[in-house]
Amino acid sequence: MKTTQQRLTCSLGVPCVLALAMTTPQVQAVEFSGYVRSGIGGADTGGTQQCFQLPGAQSKYRLGNECEQYAELDLRQDLLRLDDGSVISVEGMAQLYNQYGHTPKFTGDYGFARMNQMYAEWSNMPALNGGSLWAGRRFYKRNDIHISDFYYWNQSATGFGIDEMVIGDLKYSYVFSRKDNYDQEPYINRHDFNVGGFKVNPGGELEVGVSYIDKPDSTDGHSGWAVTAQHKQQDVLGGVNTFALQYGRGPGTGLGYTGDPTLDNSSSSWRLVEFFDFQVTPRLGGQVQLVYQKDKRPDGADQNWLSVGGRTSYAFTEQFKLVGELGRDQVEAPGGTRKLTKFTIAPTWSPAGPGFWQRPEIRLYYTYASWNKAAQRAANLLADGSALSENGAFGSARNGSNFGVQVEYWWK
């Protein structure tokens, strides 16, 4: 029998399932999680801090090299707990972005505010052996390298899916989506199918995935596909080693994303990803990475991208760390081989403790970068006005530095 409050709520037009959720004693309070980074910095030539990224490279080394105020604020609410143990929930996340050197309005030419997640989920379903159903706009299976913020395998999308249905020892997932990033045009049907849980060695687990991208309605569009295999090895020097191989054709050359739909199967890309998180002692930790990608295009616009770098953190006390990062990107492309090397040193206050992953961190930093003529020429053509171009803050020089302060914090 409904309570007086339930009858009143439903009579006012609110869905009865929400009314039940609001009066069900098992429902938990709202879960609030998020991420914030904010700071201020300048260039050695005067003016606002400049960020160093090599044209053709898909990422940049982050420490002392981020030029925006950024926040993600997430709310999750369990609406209903059913007798079979499954849970119906909703989740939403606001994303705020504003470039350095501009009033933080989070709108207009230099910023934005938008909902980057908004979805419903029915989780822990016995019919799916503990898996879930979801629909909406969601961050989903985002595999990234932290020090370069490189999301190399990312199935975030606007669509619906089955998440980790267990059959035997394996976990099966499927996503149908129409849009996998905010700026994607036109909308394109995409199918992602994943199988995880292969125990290939002690402490090691393999996951494989296939993406198929439908031919869009546009007359010059093509279908495409990509495959990914990823192995994670636990308990290596107190951390985790990740190794991934990816291959795609046509629009599948986006690998972790939907790529250019005008490309046909004569265009291909493959990528190797290797990164290692370590925490050798409670005070010494870090992350190192290697990424190599080879793009083949029939029009001669072939490109090879190599990125090698690492960040190390050593805590002299329970709350004071010294953090250093060194990264090198190289792109072989028509017009010459572009090169960029970037180094950062950052004395850091870490009130939560000495570990590499512990946050918040408040950093003072100094960053130095140098690049070659081919990188400068490419920046002039592809990113005029950026740090590496002759119309940027460093002019015709092929080196520059930044300094500043930044706070980074994530919580659950």
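Please refer to the structure placed before this passage.
Residue numbers restart at each chain and count upward from 1, following the sequence in its written direction. Given that the model is predicted, a residue must reach a pLDDT of at least 70 before its local features are reported, and side-chain atom pairs must reach 80 or more before they are shown or counted; all residues, however, enter totals for whole chains, interfaces and linings. Based on all heavy atoms of the structure, the side-chain values leave hydrogens and waters out of the count.

Colleague: Which residues make up the overall build of the protein chain, and what values go with them?
Modeller: In this text, helices come from DSSP runs of H or I with a minimum length of four residues, and strands from runs of E with a minimum of two, each type numbered from the N-terminal end. Summing up its helical and strand segments, the protein chain has 3 helices and 20 strands in all. For a compact globule the rule gives 2.2 Å times the number of residues to the power 0.38, and the radius of gyration it is set against comes from C-alpha atoms. A compact globule built from 412 residues should have a C-alpha radius of gyration of about 22 Å, and the protein chain, at 23 Å, falls within 12% of that. By principal-axis analysis of the C-alpha atoms, the protein chain measures approximately 75 × 55 × 50 Å. Here the protein chain holds 412 residues, and 48% of them are scored as buried. Surface accessibility in these figures is a Shrake-Rupley result with a 1.4 Å probe; residues are shielded only by whichever protein chains are displayed. Summing over all exposed atoms, the protein chain offers an accessible surface of approximately 19,400 Å²; the carbon and sulfur share of this is 59%. The charged-residue count follows a simple rule in which Lys and Arg add positive charge and Asp and Glu add negative charge, with His and chain termini not counted at all. Here the site of a charge means NZ on Lys, CZ on Arg, CG on Asp, or CD on Glu. In the protein chain, 38 side chains carry a positive charge and 42 a negative one; their mean positions are 3 Å apart. Exposure classes here rest on a 1.4 Å probe applied to the protein chains alone. A residue is buried below 20% of its type maximum, exposed above 50%, and partly exposed in between.

Colleague: Please set out the packing of aromatic side chains residue by residue, giving values where relevant.
Modeller: Two rings from Phe, Tyr or Trp (for Trp, the six-membered ring) form a pair when their centres sit within 6.5 Å of each other. Planes less than 30 degrees apart are called stacked, planes more than 60 degrees apart edge-to-face, and all others tilted. Under the defined criterion, the tally for this structure stands at 22 aromatic pairs. Within the aromatic cluster, the residues linked to one another by ring pairs are Tyr35, Tyr70, Phe356, Trp357 and Trp410. Charge-over-ring placement is defined geometrically: NZ (Lys) or CZ (Arg) within 6 Å of the ring centre, and within 35 degrees of the ring normal. Stacked on the ring of Phe112, the Lys or Arg Arg114 has its end atom at 3.9 Å from the ring centre. The aromatic ring of Trp134 is capped on one face by Arg138, whose charged end is 5.3 Å from the ring centroid.

Colleague: Kindly report on the state of the cysteines, identifying the contributing residues and their values.
Modeller: Throughout, disulfides are identified as pairs of cysteine sulfur atoms within 2.5 Å of each other. For the coordinates displayed, the defined rule picks out 1 disulfide. Note on cysteine connectivity: Cys51 is disulfide-linked to Cys67, with sulfurs 2.1 Å apart. Of note, the bridge from Cys51 to Cys67 carries an S-S torsion of about 115 degrees and is right-handed in sense. Of this pair, Cys51 sits in the loop between strand S1 (31-43) and strand S2 (68-81) while Cys67 sits in the loop between S1 and S2, placing them 16 residues apart in sequence.

Colleague: Can you break down the pairing of S2 residue by residue, with the values?
Modeller: With respect to burial, S2 is a largely interior element, 11 of its 14 residues being buried. Paired strands, as defined in this entry, are two strands with at least two bridges between them according to DSSP. Taken together, the 7 bridges between S1 and S2 define a ladder with antiparallel strand orientation. The residue bridging Val36 from the neighbouring strand is Ala71, located in S2. With 13 bridges connecting them, S2 and strand S3 (residues 87-99) associate as antiparallel partners. Note that in S3 the partner of Leu75 across the bridge is Gly92. The hairpin formed by S2 and S3 contains 5 residues between the paired strands, and Gly85 there has a positive phi angle of roughly 95 degrees.

Colleague: Go over the pairing of strand S12 (residues 224-236), please, and point to the residues and values.
Modeller: Note: strand S11 (residues 204-213) against S12, 10 bridges, orientation antiparallel. Looking at the pairing, Val210 lines up with Val227 of S12. The pairing of S12 with strand S13 (residues 239-249) spans 10 bridges and is antiparallel. By the bridge assignment, Ala229 is partnered in S13 with Leu245.

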